[in-house]
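Tertiary structure, described
If you want the building blocks of each chain, they are given just below.
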Amino acid sequence: MCGIVGYIGARKALPVLIQGLEQLEYRGYDSAGVVCINPTNHSLFLAKEKGKLGQLKSVLNGVSLASTTGIAHTRWATHGAPSKANAHPHEDCKRRIALVHNGIIENYQEIKHKLLKKGHRFRSETDTEIAVHLIEEYYDGDVEQAFRKAVGELKGYFAFVVLSADEPGKLFVFKRSNPMVIGVGNGENFAASDVTAIIPYTRKVIYLEDDEFAVLERDSITISSRASHKPIRKTISEVKWSVDEAKKGGFPNFMLKEIYEQPRVAEETLAKRLKNGKVWFDTLDSKAEAHLKKIRKVFVVSCGTAYHAGLVGRYMLEEYAKVPTEVQVSSEFRYVDPLVTKEDLVILITQSGETADTIAALREARAKGACTLAIVNVVGSTIAREADYVIYTHAGPEIGVASTKAYIAQLLTFALFTIYLACLRKTVSAGFVASYLKEMRKLPKAITTILHREKLLEPPAKTLFKNKNFLFLGRGYNFPTALEGALKLKEISYAHAHGYAAGEMKHGPIALIDSTQPVICIAPFSKTYEKMVSNIQEIKARKAIVLSITTEGDKSVKQLSDWVFPIPKMSEIFSSILSVIPLQLFAYKISVKNHRDVDQPRNLAKSVTVE
Ligand code: G6P
């Protein structure tokens, strides 16, 4: 949460910083701010506003600064309410040093107390502000040394970019736990929370590791560790994402664009992973194979939408790779002292690779000696770097806060990994693998067919958009689909939506049902199809309003439902990849009809980098 960007070079800094914040706004949008160094008198120009970036932009409308050095921030509030005073950047007492921060300073109260006694005056209620005053406290002509001393006192996790009017040719960067990437330009350099803020200018990046400092000048980048102070040689990586992928491309918002990108994501995922009739992962070598062959049990650990992907993954792994699999949300896994052993595989699924609880769960699993495998979308992210093995989902940048295409990529990757593991463990025949992969190749077309049917969701969305309570029911592979459908609706429409295993309906949710209750039933052909039909009958007998996701050719569910959305006929395992797409579109339509901000729903952030 919170997005940071810093620039030093020859361009005017303000437009570069604002454009960077536009790309990072998904990380939080409670307030936004920018500070630039005025090149003529070396004073700081600061502007910040409560609310979305648009507020800051309207204040800056018509402002043209000659400054070529600055830092900026978009905030997801942790300490201190969303307000102009609490917005970053924060400045020291003399307004000579400014700082932006992503993370939490856990011991800020005791430091604040100490600094107040020394006469520092605070302008906000944030934990962040103490850091800039601490630098001021230690400053005696060398910002880097003061910054190093200050960081040495802080507990918690953070990414900082600092500038000072007294050293106008430098930006000072530090990272611990929270992401920070350095963009390597020609006569200019960048720092940002993620690469989307940088790729319009350079594709060359350096990923900072924990406890590393970087000093950026126009023509140089010096990186050193906190402990040794010695310069470190870092690898420069090339970012493959294109600039267009991070733009709306004619769609009204990122979420709809990302929903419509799903056929391409499926196509590319399959093209990358299928070679000579086999599943192939470029990052899994023979050592990994030897490791994976022997595993006793799998734990899948993740949050939010990625957790739902894990639930589907469990059904896949148990059915085909015949390996016992347990799925947990990261925030539980890390605190329950999980019974993970050296013989186990812990799979971390994450779009961002930066979710704080999932990072902690990964470290817990590693500490217990388990083999760790990350399924990650963002290349070079913390989880991708720290896990023993990584499989990238290659969905491209996902900007909409509600995850869509990353989920599809996670499910596809799980389906591929399942067969890969099943082959290693010899739990499936060659004939089965051939027919499984043949069917998988039909998925991109099937997703396109579903998107072409979007209009079928218009009548139910029009009828139901004012409703405040929705129930989603599914079984087997589509029980997690019910959870994910409910989550999507909750996130972007603010209606209460509850996903339930249909078999559990009689153990509680049926009490909710009357003629005003909408129930979304995910009922494609499957081994529990008849059971779903019975459930829908029971719901209809109590006069609920029913929208069902069915398979083409279905008759029984259609007869019972007010509306149906048919998906192409495929095996049950793949139905979970298809049936979630109409639910994404349904949530989208309800959100738009309620005039919600689809891409930036209230209180949420794309990447939850605090516990
Ligand atoms: C947040 C996002 C969700 C996401 C979850 C896990 O809640 O809004 O879309 O599923 O975090 O994020 P991760 O990056 O670990 O997949």
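Criteria and cut-off values
- Along each chain, residues carry numbers from 1 onward, in the same order as the chain's sequence is written.
- Under the rules for a predicted model, residues below a pLDDT of 70 receive no local features and side-chain atom pairs below 80 are neither given nor counted, while totals for whole chains, interfaces and linings still include all residues.
- Computation of side-chain values covers all heavy atoms of the structure but excludes hydrogens and water.
- Any two strands are treated as partners once DSSP identifies two or more bridges connecting them.
- Strands here are runs of E lasting at least two residues and helices are runs of H or I lasting at least four, both read from the DSSP assignment and numbered beginning at the N terminus.
- Fitted lines through C-alpha atoms serve as axes, helices being fitted only where they are in contact, and the angles separating the N-to-C directions of these axes extend from 0 to 180 degrees.
- When accessible area is computed with a 1.4 Å probe and restricted to protein chains, residues below 20% of their type maximum are described as buried, those above 50% as exposed, and intermediate ones as partly exposed.
- The arc refers to the directions leading from the helix axis to the C-beta atoms.
- Residue contacts are counted whenever heavy atoms from the two residues lie within 4.5 Å of one another.
- By convention in this text, a residue qualifies as near a molecule or strand provided that one of its non-hydrogen atoms is within 4 Å of it.
- Polar contacts, as counted here, are pairs of nitrogen or oxygen atoms within 3.5 Å of one another; within protein the pair requires one atom able to donate a hydrogen and one able to accept it, and residues that are adjacent in sequence qualify only if both atoms are side-chain atoms.
- Only the protein chains shown count as cover for residues, with accessible areas throughout obtained via the Shrake-Rupley method and a probe of 1.4 Å.

Let us now look at the sheet that holds strand β26 (residues 563-567). Strand order in the open sheet made by the 5 strands is β23-β22-β24-β25-β26, with parallel pairing throughout. Sheet topology places β23 (496-501) and β26 at the edges, where each strand pairs with a single neighbour. Strand-to-strand, the axes of this sheet are offset by a mean angle of 15°, without reference to chain direction.

This part is about the pairing of strand β2 (residues 31-37). Burial of β2 is extensive: 7 of the 7 residues sit out of reach of the surface. Going residue by residue along β2, you find Ser31, Gly33, Val35 and Ile37 tucked away on one face and Ala32, Val34 and Cys36 tucked away on the opposite face as well. Direction of pairing for β2 relative to strand β3 (residues 44-50): antiparallel, over a ladder of 7 bridges. The residue bridging Cys36 from the neighbouring strand is Phe45, located in β3. Taking the residues between adjacent antiparallel strands as the criterion, β2 and β3 are bridged by 6 residues, where His42 takes a positive phi near 55°.

Below, the discussion takes up helix α2 (residues 53-60). Every buried residue of α2 is accounted for by Leu53, Leu56 and Leu60. Down the axis of α2, the buried set is contained in an arc of 65°. They therefore lie on one face. On its buried face, α2 is in contact with α1 (13-24), β2 and β3. Within two residues after α2, Gly62 carries a phi angle of roughly 90°, on the positive side.

Moving on, we come to the site of the ligand. As a structural note, the neighbourhood of the ligand is formed by 14 residues, with Thr305, Thr350, Gln351, Ser352 and Thr355 the closest of them. In this structure, Thr305 approaches the ligand through a main-chain N or O atom, which is 3.0 Å from an oxygen atom. A distance of 2.5 Å is found between an oxygen atom of the ligand and a side-chain nitrogen or oxygen belonging to Thr355. Expressed as a share of its isolated accessible area of 390 Å², the protein-covered part of the ligand is 91%. Among the elements that line the shell around the ligand, the one with the most residues is helix α9 (residues 304-321), at 3 residues.

So yeah, pure geometry; function would need other evidence.
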